[in-house]
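Listed below, chain by chain, are the residues.
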Amino acid sequence: MNRQMKGIFLALMGGVCWGVSGSLGQYLFMYQGINARWLVPVRLGLAGVVLLAYSAKTHGPASALAPWKDRDDRRELFLYGLAVSLNQFFYYQTIEFSSASLCTILQSQSPVFILLIMSCRRKKKPTVTEIFSVVLALAGVFLITTHGNLRGMNVAPAAVVTGLLAALFVAVYNTEPVHILQKHSVLMLQGWAFVMGGILFTFVFHIWTYQIHWNALIILSIAAVVLIGNVIAFPAYMKGISYIGPQKGILFGFAEPASAALIGAAVFHQTFTGYDVLGFILFMFMLLMTYMSTVREKVVAV
C-alpha cells in the first residue's frame with residue numbers, strides 16, 4: 001500500500017509540474033513578449049545539459065556516451081530525439097496559439113494515438129473499447145474548443161492542429177524506439193533528445209536574432225520552466241509509474257490538464273462553460289476506457 005500511495009503521489013506530482021510549466025510558458029507568451037520559437041530551443045538546451053550532467057554524475061561519463069557507440073542505437077536515438085523535440089515545439093506553439101489548459105487537454109489525447117499505432121502494428125482492427133475511447137476523445141475536444149457551437153469555434157484551428165500533433169509525437173516516442181529505451185537510462189536519453197532538439201531549433205529559428213528585453217521575471221520563469229517541467233516533473237512521473245505501472249499512470253495524466261485549467265482560471269481569468277466541463281468529463285472517460293483496454297490486453301496475454 002505504501003508503494004502504491006508513493007507511486008500515485010509521484011505520478012500526480014509529475015502531472016501537476018507539467019501543468020505549471022505550461023502555464024509559465026503561457027505567462028511568458030502573454031506578458032513578456034517571448035514566443036515558442038525562441039523559448040523551445042532555450043528550454044530544450046538547458047534542460048538537456050542539466051539531465052546529461054546528472055546522468056554522467058550518477059552513472060558515469062561512459063554511460064552517458066553509450067548510445068553513440070552502436071549504429072542501431074544511434075539511429076533510434078535520433079528518432080527518439082526528433083519525436084521528443086517536435087512534441088515540445090508543438091506543445092509550446094499550441095500554448096502560444098491558445099492556452100496551457102487547452103494545450104494539455106489536446107496533448108493528453110496521446111493514448112488514442114498509441115492505441116491506433118499499436119493496432120496497426122498488430123495488424124488487428126481496433127476493438128470496440130478502442131473505438132469508443134477515440135469517439136470520447138474527439139467529442140471532448142469538440143466541446144472544449146467550440147463550446148458546442150461549430151460556427152463559433154472558441155480557439156484558433158491552428159491550435160487544435162498543433163495540439164494534436166503534440167499528442168501524436170508523444171505516441172511516437174512512446175512506441176517507436178523500443179530497444180534503446182530498454183537498454184539505456186530514460187533520463188539520459190531524454191537529456192540527449194533535448195540537447196539535439198535545442199541545437200536543431202536554434203539554427204532553424206535563428207534564435208540569436210531575437211531581441212529579448214531581459215528582466216528578473218523572465219529569468220525566473222525560464223528557470224522554473226526548465227526545472228519544474230523537466231528536471232522535477234519527468235523523474236517524478238517515471239519513478240511513480242515504476243511503482244504503479246504505466247497502465248495506472250495513464251489515469252493520473254489528468255493532473256496536467258486539471259492543474260493547467262485551475263491556473264488558467266485563477267491567473268489568466270479564463271472562464272469555463274458547461275460545455276467545457278462536459279468535454280473534460282468525456283476526456284476523463286477516455287482515459288478510463290484506455291486503461292481498461294490496456295489491462296484487458298495484459299490479462300489476455302498472460
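Our subject is the structure that appears above.
The structure reproduced in this document is the subject of the present report. Residue indices begin from 1 for each chain and proceed along its sequence in written order. Predicted model: local features are reported for residues with pLDDT of at least 70 only, side-chain atom pairs are reported and counted for 80 or more only, and whole-chain, interface and lining totals are derived from all residues. Side-chain calculation: all heavy atoms of the structure are included, whereas hydrogens and water are not.

Side note on the overall build of the protein
Counting from the N terminus, the helices are DSSP H or I runs at least four residues long and the strands are E runs at least two residues long. The secondary structure content of the protein amounts to 14 helices and 0 strands. Scanning the protein from its N terminus toward the C terminus, one meets helices and strands in the order α-α-α-α-α-α-α-α-α-α-α-α-α-α. Relative accessibility decides the category of a residue: with a 1.4 Å probe and only protein chains considered, values under 20% of the type maximum give buried, values over 50% give exposed, and everything between is partly exposed. Looking at the protein as a whole, 51% of its 302 residues qualify as buried. Whether two residues are in contact is decided by their heavy atoms: any pair within 4.5 Å suffices. Residue pairs in contact within the protein that sit at least 24 positions apart in sequence constitute 85% of those at least 6 positions apart.

Regarding the pattern of salt bridges
Just to be clear on terms, a salt bridge is a Lys or Arg side-chain nitrogen sitting within 4 Å of an Asp or Glu carboxyl oxygen. Evaluated as defined, the whole model comprises 1 salt bridge. Here D73 ties to K183 by a salt bridge, and the two come within 2.9 Å at their closest N and O atoms. Placement of the pair is D73 in helix 4 (residues 71-97) and K183 in helix 9 (residues 178-183), with a sequence separation of 110 residues. Using a relative accessible area of 52% as the deciding quantity, one classes K183 as exposed.

Comments concerning the packing of helix 4 against helix 5 (residues 100-107)
Throughout, an axis means a line fitted to C-alpha atoms (over the contacting stretch in the case of helices), and angles, computed between N-to-C directions, take values from 0 to 180 degrees. For the pair helix 4 and helix 5, the least separation of the axes is 8 Å and the interaxial angle reads 140 degrees. Here helix 4 is positioned oblique relative to helix 5, judged by the angle of their axes. Helix 5 is crossed by helix 4, and the crossing has right-handed handedness. Mapping the contact onto sequence places N87, Y91, T94 and I95 in helix 4 and A100, C103, T104, L106 and Q107 in helix 5. When an angle is under 35 degrees it counts as roughly parallel; over 145 it counts as roughly antiparallel; between 65 and 115 it counts as roughly perpendicular; any other value is oblique. Each crossing gets its hand from how the near helix is turned against the far one by less than a right angle, where anticlockwise is left-handed and clockwise is right-handed.

A short note on the nonpolar core
Among the nonpolar cores identified, the biggest contains 63 residues, and I34, W38, L39 and Y92 are the most heavily contacted of them. Among the elements of the structure, helix 1 (2-31), helix 2 (36-59), helix 4, helix 5, helix 8 (157-175), helix 10 (186-205) and helix 11 (216-244) are those that each provide at least two residues to this core. In terms of residue count, helix 11 provides more of this core than any other element does, 12 residues in total. When near neighbours in sequence (up to four residues on either side) are disregarded, Y92 contacts S21, G22, G25, F29, A36, L39, V40, R43 and V225. Side-chain atoms within 4.5 Å link the members of a nonpolar core, which is a set of buried Ala, Val, Leu, Ile, Met, Phe, Trp, Tyr and Cys residues.

Focus: the packing of aromatic side chains
Geometrically, a pair of aromatic rings is defined through the distance of the ring centres and the angle of the planes. Side-chain rings of Phe, Tyr and Trp (the six-membered ring for Trp) are treated as a pair once their centres are within 6.5 Å; stacked means planes under 30 degrees apart, edge-to-face means over 60, and tilted covers the remaining angles. With the rule as written, the count across this model stands at 13 aromatic pairs. Between Y27 and Y31 the ring centres are 5.7 Å apart and the planes differ by 45 degrees, which places this aromatic pair in the tilted class. With Y27 and Y31 both in helix 1, this residue pair falls 4 residues apart, about one helical turn. Here the aromatic rings of W68 and W192 are separated by 5.4 Å at their centres, their planes lie at 85 degrees, and the arrangement is edge-to-face. Of the two residues, W68 sits in the loop between helix 3 (61-65) and helix 4 while W192 sits in helix 10, which places them 124 residues apart along the sequence. The class for W68 is partly exposed, based on a relative accessible area of 24%. For W192, a relative accessible area of 17% translates into the label buried. An aromatic cluster is present here, built from F89, F90, F169, F201 and F205 joined pairwise through their rings.

So far we have only geometry, and geometry alone does not tell us how the molecule works.
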